[in-house]
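# Observations on the model geometry
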Amino acid sequence: MPELPEVETVRQGLAPAMEGAVIDRLEQRRPDLRFPFPERFAERLTGRRIDGLGRRAKYLLADLDDGSVVIMHLGMSGSFRVEEGPLAEPETPGAFHHPRGKALAHDHVVFHLSNGKRVIYNDPRRFGFMDLASRAGIETARHLAGLGVEPVGNAFDGKVLHRLFEAKKAPLKAALLDQGLIAGLGNIYVCEALNMSGLSPERAAGSLTAKAADRLAAAIREVLAAAIAAGGSSLRDHRQANGELGYFQHSFRVYDREGEPCPKLDCSGVIERKVQSGRSTFFCATCQK
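### Overview of the packing of helix α5 (residues 187-197) against helix α6 (residues 210-230)
Between α5 and α6, whose axes approach to 8 Å, the crossing angle comes to 130°. By the angle between their directions, the pair α5 and α6 is classed as oblique. The hand of the α5/α6 crossing is right-handed. Facing α5, whose interface residues are Tyr189, Glu192, Ala193, Leu194, Met196 and Ser197, α6 presents Arg215, Leu216, Ala219, Ile220, Glu222, Val223, Leu224 and Ala227. Its residues assigned to classes, the contact of α5 with α6 shows ten nonpolar, one polar and three charged.

Here is the structure:
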């Protein structure tokens with residue numbers, strides 16, 4: 001499942017093509033994805049201007065000029081690409097370029113924009129979805145209600161983290177993955193941040209001292225910023241909007257590095273793997289306490 005950096009990478013890739021453009025026509029090629037499309041979805045979007053493209057947790061939000069918002073989720077295999085011209089192929093620069101599939105049967109939604117561009121949503125497994133909500137009630141929309149603080153926003157720091165985890169007995173990793181506490185964090189970057197901050201994924205979340213919470217909050221922000229700058233992890237099916245394969249997976253500290261030396265210079269431990277709540281956790285038992 002794409003995590004926050006992947007979704008932010010897609011947002012940044014789509015924004016130049018979509019922001020300020022009018023949706024001249026929307027092709028909706030099937031009645032549903034993970035969920036049915038909203039009633040009269042194509043009709044309601046046709047003629048609307050896209051005033052802005054944002055992100056909340058792992059959701060893309062397209063603000064329209066009538067006060068409505070298109071909520072989009074990539075699911076496990078969803079991706080966007082931008083094309084221009086009748087026969088044009090999307091540009092795919094990047095040292096780690098991975099050619100896109102040509103299965104047009106999986107192109108389920110096409111935004112035909114007033115600037116001549118087409119934004120195409122492709123989803124072989126159809127676990128993604130699109131929905132409509134009012135901007136005025138966006139925080140209580142059914143997919144966004146109850147989401148926690150954004151880990152890359154100004155409101156997130158060690159004090160906030162310490163307060164969120166106070167008295168919680170759940171393992172630290174489980175608390176970090178709780179979307180009602182912190183919105184957008186996923187398995188990969190939680191593993192990375194915990195190693196960087198020297199904290200065990202198994203310790204009780206409520207055991208964090210204020211100093212440890214400061215260290216962890218800083219590590220989370222640093223890991224996410226590096227991943228966004230590098231284009232997201234692009235594991236498995238994820239691709240950037242232009243088709244380029246991201247490369248952050250080439251610099252993971254611990255994720256998927258079982259048996260390798262811990263990346264900390266003063267640590268002689270090795271990376272271990274264990275399963276927590278059905279997910280692989282990669283960590284160093286020597287330095288993460």
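### A look at the pairing of strand β2 (residues 50-56)
Burial analysis of β2 places five of its seven residues in the buried class, which makes it a mostly covered element. As judged from the six bridges shared by β2 and strand β3 (residues 59-64), these two strands associate in the antiparallel manner. Counted as the bridge partner of Leu53 is Ala62 from β3. Turn length for the β2-β3 hairpin, with the two strands adjacent in sequence and antiparallel, is two residues, and the turn residue Ala57 shows positive phi of about 55°.

Cut-offs applied
- Residues numbered from 1 in each chain as written.
- Predicted model: local features only at pLDDT ≥ 70, side-chain atom pairs only at ≥ 80, totals over all residues.
- Heavy atoms only, no water.
- Axes fitted to C-alpha atoms, helices over the stretch in contact; angles between N-to-C directions.
- Helix = DSSP H or I, 4+ residues; strand = E, 2+ residues; numbered from the N terminus.
- Parallel < 35°, antiparallel > 145°, perpendicular 65-115°, else oblique.
- Left-handed = near helix turned anticlockwise from the far one by under 90°.
- Contact = heavy atoms within 4.5 Å.
- Nonpolar A, V, L, I, M, F, W, Y, C, P; charged D, E, K, R; others polar.
- Buried < 20%, exposed > 50% of the residue type's maximum accessible area, 1.4 Å probe, protein only.
- Pairing = 2+ DSSP bridges.

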